[in-house]
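So the chains spell out like this:
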Amino acid sequence: NSTPNGPGAGRSPRRRAQILALRPDLRPVPIRGPVDDRIRQVQRGDFAAAVLATAGLERLGCGDAITETFPIETFLPAPAQGALALTTRADDERTRQLLLPLDDDCTRRATRAELELLRPFEHSTQWLLAAYATVGQHPDRIVLRGRLLSADGGTVYDAAVSGPEPEEAARKAIGL
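As the structure is a prediction and not an experimental result, all values here were calculated from the model. Here the residue numbering is sequential within each chain, running from 1 through the sequence in written order. In keeping with the predicted nature of the model, local features appear solely for residues at pLDDT of at least 70, side-chain atom pairs appear and are counted solely at 80 or more, and the whole-chain, interface and lining totals rest on all residues. Excluded from the side-chain calculation are hydrogens and water; included are all heavy atoms of the structure.

**Observations regarding unusual backbone geometry**
Reasoning step 1: In this structure, alanine 80 is a non-glycine residue whose phi angle is positive, near 70°.
Reasoning step 2: In this text, helices come from DSSP runs of H or I with a minimum length of four residues, and strands from runs of E with a minimum of two, each type numbered from the N-terminal end. Note that alanine 80 resides in the loop between α3 (54–59) and α4 (93–99).
Reasoning step 3: Remark: exposure states derive from per-residue accessible area (1.4 Å probe, protein chains only) relative to the maximum for the residue type, with buried under 20%, exposed over 50%, and partly exposed in between. Using a relative accessible area of 19% as the deciding quantity, one classes alanine 80 as buried.

**Concerning the layout of surface pockets**
A water-sized probe, rolled over the atoms, reveals where empty space remains.
Reasoning step 1: As a volume, the second largest pocket reaches approximately 550 Å³.
Reasoning step 2: Cavities and pockets are defined on a 1 Å grid built over the protein atoms alone: a cavity is a set of grid points where a 1.4 Å probe fits but cannot escape, while a pocket is an open set with protein on both sides within 12 Å along at least five of seven lines, and lining residues are those with an atom within 4 Å of any such point. Lining the second largest pocket are 19 residues, with Leu84, Ala85, Leu86, Asp103 and Arg108 positioned closest to its centre.
Reasoning step 3: Taken together, the elements giving at least two residues each to the lining of the second largest pocket come down to α4 and α5 (105–118).
Reasoning step 4: Tallied by class, residues from the lining of the second largest pocket come to eight nonpolar, five polar and six charged. Grid points are joined across faces, edges and corners, and a volume is the space filled by probe spheres set on the points. Under the grouping applied here, Gly and all other residues not named as nonpolar or charged are polar, the nonpolar ones being Ala, Val, Leu, Ile, Met, Phe, Trp, Tyr, Cys and Pro and the charged ones Asp, Glu, Lys and Arg.

**Considerations on the nonpolar core**
Reasoning step 1: The definition of a nonpolar core used throughout is a set of buried Ala, Val, Leu, Ile, Met, Phe, Trp, Tyr and Cys residues joined through side-chain atoms within 4.5 Å. The biggest cluster of nonpolar side chains holds 15 residues, and the ones touching the most others in it are Leu117, Leu129, Ala133 and Leu144.
Reasoning step 2: Put simply, the parts of the chain that give this core at least two residues each are α5, β1 (127–135), β2 (142–150) and α6 (166–174).
Reasoning step 3: No other element matches α5, which puts four residues into this core.
Reasoning step 4: Note on definitions: a residue-residue contact is assigned when non-hydrogen atoms from the two residues lie within 4.5 Å. Setting aside residues no more than four positions away along its own chain, alanine 133 makes contact with Ala110, Ala113, Glu114, Ile142, Val143 and Leu144.

**Description of the side chain of glutamate 114**
Reasoning step 1: On the secondary structure map, glutamate 114 appears in helix α5.
Reasoning step 2: For glutamate 114, which is buried and forms no salt bridge, the nearest opposite charge comes from arginine 14, at a distance of 9.7 Å.
Reasoning step 3: Contact partners of glutamate 114, with chain neighbours within four places excluded, come to Ala78, Pro79, Ala80, Gln81, Ala131, Tyr132, Ala133 and Leu144. Residues counted as positive are Lys and Arg, residues counted as negative are Asp and Glu, and His and the chain ends are not counted. Salt-bridge detection follows one rule: a side-chain nitrogen of Lys or Arg within 4 Å of a carboxyl oxygen of Asp or Glu.

**With respect to the sheet that holds β2**
Within a sheet, each strand pairs with its neighbour through backbone hydrogen bonds, oriented either parallel or antiparallel.
Reasoning step 1: Judged by pairing direction, the sheet is antiparallel, and its three strands sit side by side in the order β1-β2-β3 without closing on themselves. Two strands close off the open sheet at either side, each with one partner strand: β1 and β3 (156–163). Looking at each pair of strands side by side, their axes are set apart by 15° on average, direction ignored.
Reasoning step 2: Here β2 pairs with β3 via eight bridges, running antiparallel. Paired with arginine 147 across the bridge in β3 is aspartate 158.
Reasoning step 3: Fitted lines through C-alpha atoms give the axes, limited to the stretch in contact for helices. The angle between two N-to-C directions lies from 0 to 180 degrees. Packing of helix α1 (residues 13–22) onto the sheet brings it into contact with β1, β2 and β3, and relative to β1 it is tilted by some 90°.
Reasoning step 4: Of the strands in this sheet, β2 and β3 touch α6, which is tilted by about 145° from β3. Any two strands between which DSSP finds at least two bridges are classified as paired.

Have a look at this one:
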């Protein structure tokens, strides 16, 4: 898939657009290599900064390299980022039962809301979508933040909505 929102979208057009929306004076460039090499490139002065996922840095023991984090209100992730999906054969009831304790209803509902919001823009070559959903303080409420961006970050539409069901929250965010 070569669309900006698709899994084969390259490094991260979505991240690049959000950086440009925040700081149009910057010139984002792709940085390649393992995380520790990327950190060394910044330390050497090859780049002024690198925008990397906090969770990944911490998981790799590189948390001390983090100098600044973006709050979720400022910088949204890709829809369903971080959600783990497991599939089994339809006739493998034993494995399905073994995996049941891993199923988290709140995560599943939040992920569905993010993916429903992505659906109309999934194959867009003009728009990039970032989204983050949580199940609110009341388990029957999904809170969904969405950000639609042009690739250059010059046009940004933000939505923050809530609803009882993932599809309803997504429809509200889209304005339907």
